[in-house]
2 protein chains.
Amino acid sequence: MSISTKHNVTVEKVSKSRIDEIDFDNLVFGTTFSDHMFECDYKDGSWQNPTIRPYGPLTISPAAKVFHYGQAVFEGMKAFKDDNGNAFLFRPKDNFKRINISAKRMAIPEFPEEIFFEAMHRLMELDKAWIRPGFGNSLYIRPFAIATQAGVSAAPSDQYKFMILLSPAQAYYTGDVRVVFAEKFSRSANGGVGYAKAAGNYGAQFYPTNLAREKGFQQIIWTDANTHEYLEEAGTMNIFFRVNDTLITAPTGDRILDGITRKSVLKIAEHMGITCDVRPVSVKEIVAAVKDGSLKEIFGSGTAAIISPISAFGYQEEVYELPKSNTRYSDRFKQALMEIQYNKGEDPFDWRYPVG
Amino acid sequence: MSISTKHNVTVEKVSKSRIDEIDFDNLVFGTTFSDHMFECDYKDGSWQNPTIRPYGPLTISPAAKVFHYGQAVFEGMKAFKDDNGNAFLFRPKDNFKRINISAKRMAIPEFPEEIFFEAMHRLMELDKAWIRPGFGNSLYIRPFAIATQAGVSAAPSDQYKFMILLSPAQAYYTGDVRVVFAEKFSRSANGGVGYAKAAGNYGAQFYPTNLAREKGFQQIIWTDANTHEYLEEAGTMNIFFRVNDTLITAPTGDRILDGITRKSVLKIAEHMGITCDVRPVSVKEIVAAVKDGSLKEIFGSGTAAIISPISAFGYQEEVYELPKSNTRYSDRFKQALMEIQYNKGEDPFDWRYPVG
Ligand SMILES: Cc1ncc(COP(=O)(O)O)c(C=O)c1O
Ligand SMILES: Cc1ncc(COP(=O)(O)O)c(C=O)c1O
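Residues numbered from 1 in each chain as written. Chains lettered and ligands numbered in written order. Predicted model: local features only at pLDDT ≥ 70, side-chain atom pairs only at ≥ 80, totals over all residues. Heavy atoms only, no water.

- Within an unreviewed UniProt entry, the label attached to chain A reads Branched-chain-amino-acid aminotransferase, and the organism entered is Cochleicola gelatinilyticus.
- The record in UniProt for chain A states the following under Sequence similarities (unreviewed entry): "Belongs to the class-IV pyridoxal-phosphate-dependent aminotransferase family."
- Turning to chain A, the UniProt annotation filed under Cofactor (unreviewed entry) states: "pyridoxal 5'-phosphate". (UniProt positions renumbered as here; feature names shortened; annotations may be inferred.)

Listed below in structure tokens is the structure:
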């Protein structure tokens, strides 16, 4: 085990990599972790002791506020490798900005940009072998922050831990996805935390999603909590509708996460000359469009799945199948995104971020 | 250290109590913990190895789902001691039922009643000295459950930990409380998790509460997320309004926690012959009532504070002071509740639960 410090981050390397034990062809998303992780503590008003050390368990008080009050935020991003062994992140500055937007809403002190990127570079350097080349392969990166002060009173913590975990990944979803439109449960409200990647937003979706699964749907498309008349987003994806040749997606705001893949799809669509309509999307119009045949596609966008074509949706006890096609926008967007991510083509929007 | 097993719960006692180090006259709520804690793990489909052991840190994966997805629920209850050294819980069956209602909503497996009460009895037996007699003194009890499976994919955990911590407490709030009515932020929505004691509900309130504090208010009274026209509850208290001699409080439902103190106040009020009106309470009527002098009191009810009289509220940049009085309902309810809790009088509703 060797210990070194470069710039700010103290590094404690593993004595022996675990990489040879990993079956990279049979990964279950989010369950395998690389050799190293990053850790930084907030106390006495500042982020302290940024450290990379071997992936392993934490020692934490059972009274830590994260357990009791869900004061926690996270991000999800990916590293990709091209065929020459060069590694890239995809728009990491947007993830960095977003974790601090989330942190603010959850009363967590903002994390410093310099340490974030230094940690990222050092981690990629150390665990580069965990990024496999080839479309679909990636290293999923999970920065997160948790409240660590011991105290069972409902007030903000004065101590936090910021961490980054790395998890090698293959494609996230297998096959097409069937979704159901939410008619009773809801995910977020105006004035709430829906726009933040706050931990509690996700746990709150598990039960309704279990119910949806029992009916044969893998995901829920959330609607506005108030009327359930407008389609918002899925659990970990923004949602696009293609009606004839127009691409429609809901505007982000209090209730909808400002997805980086979503922004990227809109940019690529514009570049391709596809008409985009960012506006509230009503359940009524989508049901009408599927009936008259003008609804060509629905797909989700998100870091984990990149682009997830949806094959059918359920609403009011009906199931509506979407037309099959081999000229789908979703395939074009996925291809375009992957070409950028895997360094197979131009990077017209400056989204690739080399990390060695 | 001695280890014994009675019924189901394995007990590992501290070798030496820490109680002599505690300054019981200067407790900060929720920061001091008794000698022992309870712990029980869920895996392979059942709750296993119920254990009481010395209070101390956990070892847990940084990928545990509780950190990433806020899959966690809790309860808050109290033990009281009378002048003869007898200890009592207050309506613990209601807390037990409620943690399983919360658990269901958060896709956490229900905890068995028998183990819960056995753990409670054993803990009280072991740490009885931590319950101090005298009005205001209590042992705050914090049962909670967290998702422990290591995995950064947004799906329910298949492993959990259920714990109970004990924290000696004096009175929760000092002085009267100034509140502000929510006009922009919101706490919960129909179809959401507001009715559950889900961890994320609390962390989500910290930032708006910080903003309220900067304006001189200690708490927020949440309004409906949709119109902000109806008054719902505070962060950890249900809210009552006394208009002339009628007691008004909002009905519980999707968005409002079914508070045990609230139910108890309604029961006591009925018993005292006070008219209660459980119905939506509009901001408009309360502002009108404070202006015409018919609003006599606002107070909060909750396990931590028991009854918390509110001295003023802010709304649309105005601050409305409430009349002072020495014939407040809030004082009568607090007295009545404490007489039951501390075994100073009859227990007409069978709320006291002896624990030795
Ligand atoms: C609620 C929610 N919506 C959308 C997304 C997609 O965002 P992004 O494209 O930045 O991954 C995510 C996942 O990150 C999410 O958690
Ligand atoms: C949101 C919320 N409302 C109300 C209450 C009061 O409930 P109880 O009287 O059962 O403590 C609590 C605290 O327990 C709470 O967390």
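Once you've had a look at it, read on.
**Some remarks on the side chain of A:Lys81**
Residues and elements named next belong to chain A.
Here is step 1: Structurally, lysine 81 can be placed in strand E7 (residues 77-81).
Here is step 2: Buried within the structure, lysine 81 lacks any salt-bridge partner; its nearest side chain of opposite charge belongs to aspartate 82, at an N-O separation of 8.3 Å.
Here is step 3: There is a polar contact of 2.9 Å between the side chain of lysine 81 and the backbone oxygen of isoleucine 131.
Here is step 4: With residues up to four places along the chain from it excluded, the contact list for lysine 81 reads Asn86, Ala87, Lys128, Ala129, Ile131, Arg132, Pro133, Gly134 and Tyr342. (Helix = DSSP H or I, 4+ residues; strand = E, 2+ residues; numbered from the N terminus. Buried < 20%, exposed > 50% of the residue type's maximum accessible area, 1.4 Å probe, protein only. Lys, Arg positive; Asp, Glu negative; His and termini not counted. Salt bridge = Lys/Arg side-chain N within 4 Å of Asp/Glu carboxyl O. Polar contact = N/O pair within 3.5 Å; in protein donor to acceptor, adjacent residues only side chain to side chain. Contact = heavy atoms within 4.5 Å.)

**Brief notes about the domain arrangement of chain A**
All names here are of chain A.
Here is step 1: Each domain of chain A was delimited in the assignment, giving domain 1 (10-170) and domain 2 (177-325).
Here is step 2: Here the C-alpha centre of domain 2 lies 28 Å away from the C-alpha centre of domain 1.
Here is step 3: Counting from both sides, the interface comprises 18 residues of domain 1 and, opposite them, 18 residues of domain 2.
Here is step 4: One salt bridge connects lysine 263 with aspartate 94, and the closest N-O pair in it is separated by 2.8 Å. (Domains from an automatic or database assignment.)

**Description of the site of ligand 2**
Residue and element names in this part refer to chain B.
Here is step 1: Among the 16 residues in the neighbourhood of ligand 2, the closest are listed as Lys197, Tyr202, Glu233, Thr261 and Thr303.
Here is step 2: A distance of 2.7 Å separates an oxygen atom of ligand 2 from a polar atom in the backbone of isoleucine 260.
Here is step 3: A distance of 2.5 Å is found between an oxygen atom of ligand 2 and a side-chain nitrogen or oxygen belonging to threonine 261.
Here is step 4: About the coverage of ligand 2: the protein hides 97% of its 380 Å² of free accessible area.
Here is step 5: Where the shell around ligand 2 is concerned, the elements lending two or more residues are helix H5 (260-272) and strand E18 (295-302).
Here is step 6: Of the residues that constitute the shell around ligand 2, the class distribution is four nonpolar, eight polar and four charged. (Near = heavy atom within 4 Å. Areas by Shrake-Rupley, 256 points an atom, 1.4 Å probe, with all protein chains shown as cover. Nonpolar A, V, L, I, M, F, W, Y, C, P; charged D, E, K, R; others polar.)

**Points about the side chain of A:Gln341**
Here is step 1: Considering the arrangement of structural elements, one finds A:Gln341 in helix H7 (residues 329-341).
Here is step 2: Contacts of A:Gln341, omitting those with residues within four sequence positions, involve A:Phe80, A:Phe88, A:Phe90 and A:Ile306.

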